Amino acid sequence: MKLKVITSNPGKVAEYQRSFADLGIEMEHYRLPYDEVQTSDLEEVVQKGMDEIIRKGVRDFIIDDSGLFVDALKGFPGVWSAYAQKTIGNQGILKLMEGVEDRGAEFRCCIGCDIDGRRIVVMGRCRGFIIEKEQGDGGFGFDPIFSPDGKLTFAEIPIEEKNTMSHRGNAVKLLIEELKK
Ligand code: IMP
């Protein structure tokens, strides 16, 4: 069995290859642009993306979308995480959170998989806190301002450990459970 990983990010393909090697599913990188609908719902972005890819005649693939949802900001930046990261960045998020007591936040990752004509959509979550200032120089994106336990940030936690608790790691676990059924 072979699945196309439709993304512009080769790093994601390598991650999926590692996670699915034991299931005997081969992952290949496939570049196909598709529209990300304007909605505040991650799952809707993935469902509509899958519809469009299938309309283009492509089957047996995986797509995903993830983001950081901050409780006190009513879920912002959420589906706009990549844009927020490029524009206001971590400092911008910290500025919005100045003086805010409720520091709760959640990373979410939605994976859509089309396999043998079957559609599987799973949502992995990781709850944590937006800390007061950037900490650590590992990871990427919001890692230096997000801490799963309020102590160490994702930028200070080794990648293997992050994968055991992260939104993406949890989504992959859910997808593997579904595929084994
Ligand atoms: P994507 O949909 O996986 O490309 O993620 C969208 C945006 O969410 C990225 O550009 C990052 O800013 C942010 N993001 C997603 N996952 C993570 C993570 O594990 N750590 C930090 N930032 C993340």
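Residues numbered from 1 in each chain as written. Predicted model: local features only at pLDDT ≥ 70, side-chain atom pairs only at ≥ 80, totals over all residues. Heavy atoms only, no water.

We now examine the pattern of salt bridges. According to the stated counting rule, one finds twelve salt bridges in the structure shown. The salt bridge involving Glu52 is made with Lys56; its shortest N-O contact spans 3.1 Å. A salt bridge links Glu106 to Arg127; the shortest N-O distance between them is 3.3 Å. Residue Glu106 is found in strand β4 (residues 104–115), and its partner Arg127 is found in strand β5 (residues 118–130); the two are separated by 21 residues along the sequence. Connected through shared salt-bridge partners, Asp71, Glu106, Arg108, Arg125 and Arg127 make up one network. (Salt bridge = Lys/Arg side-chain N within 4 Å of Asp/Glu carboxyl O. Helix = DSSP H or I, 4+ residues; strand = E, 2+ residues; numbered from the N terminus.)

Looking now at the pairing of β4. The element β4 is extensively covered by neighbouring structure, given that eleven of its twelve residues are classed as buried. Two strands pair when backbone bridges link them, and strand β3 (residues 61–70) and β4 are joined in this way by ten bridges, in the antiparallel orientation. Residue pairing across strands places Leu68 opposite Phe107, the latter belonging to β4. Here β4 pairs with β5 via twelve bridges, running antiparallel. Across the sheet, residue Arg108 finds its bridge partner in β5, namely Arg125. (Buried < 20%, exposed > 50% of the residue type's maximum accessible area, 1.4 Å probe, protein only. Pairing = 2+ DSSP bridges.)

Here we take up the packing of helix α1 (residues 10–20) against helix α6 (residues 167–180). The contact between α1 and α6 brings their axes to 11 Å, and the two run at 45 degrees. Looking at the two axes, α1 sits oblique to α6. When you trace α1 past α6, the crossing you get is right-handed. Where α1 approaches α6, its residues Glu15, Tyr16, Ser19 and Phe20 are matched on the opposing element by Arg168, Val172, Leu175, Ile176 and Leu179. Residues belonging to the contact of α1 with α6 are distributed by class as follows: six nonpolar, one polar and two charged. (Axes fitted to C-alpha atoms, helices over the stretch in contact; angles between N-to-C directions. Parallel < 35°, antiparallel > 145°, perpendicular 65-115°, else oblique. Left-handed = near helix turned anticlockwise from the far one by under 90°. Contact = heavy atoms within 4.5 Å. Nonpolar A, V, L, I, M, F, W, Y, C, P; charged D, E, K, R; others polar.)

The next point concerns the environment of Ser66. Here Ser66 is to be found in strand β3. Taking the C-alpha atoms as reference points, Ser66 and Ile111, 45 residues apart in sequence, are found 8.6 Å from one another. Beyond its immediate stretch of four places on either side in the chain, Ser66 contacts Leu42, Ser81, Arg108, Cys109, His167 and Arg168. Only 3.3 Å separates the side chain of Ser66 from the side chain of Arg168, close enough to count as a polar contact. (Polar contact = N/O pair within 3.5 Å; in protein donor to acceptor, adjacent residues only side chain to side chain.)

In the vicinity of the ligand there are 15 residues, among which Asp65, Ser66, Asp143, Lys162 and Arg168 approach most closely. The contact in question runs from an oxygen atom of the ligand to an N or O atom on the side chain of Lys12, over 3.0 Å. For the ligand, whose free accessible area comes to 480 Å², the fraction covered by protein is 87%. Of all the elements in the fold, those that place two or more residues in the shell around the ligand are β3, α3 (81–87) and α6. Residues of the shell around the ligand, tallied by class, amount to four nonpolar, six polar and five charged. (Near = heavy atom within 4 Å. Areas by Shrake-Rupley, 256 points an atom, 1.4 Å probe, with all protein chains shown as cover.)

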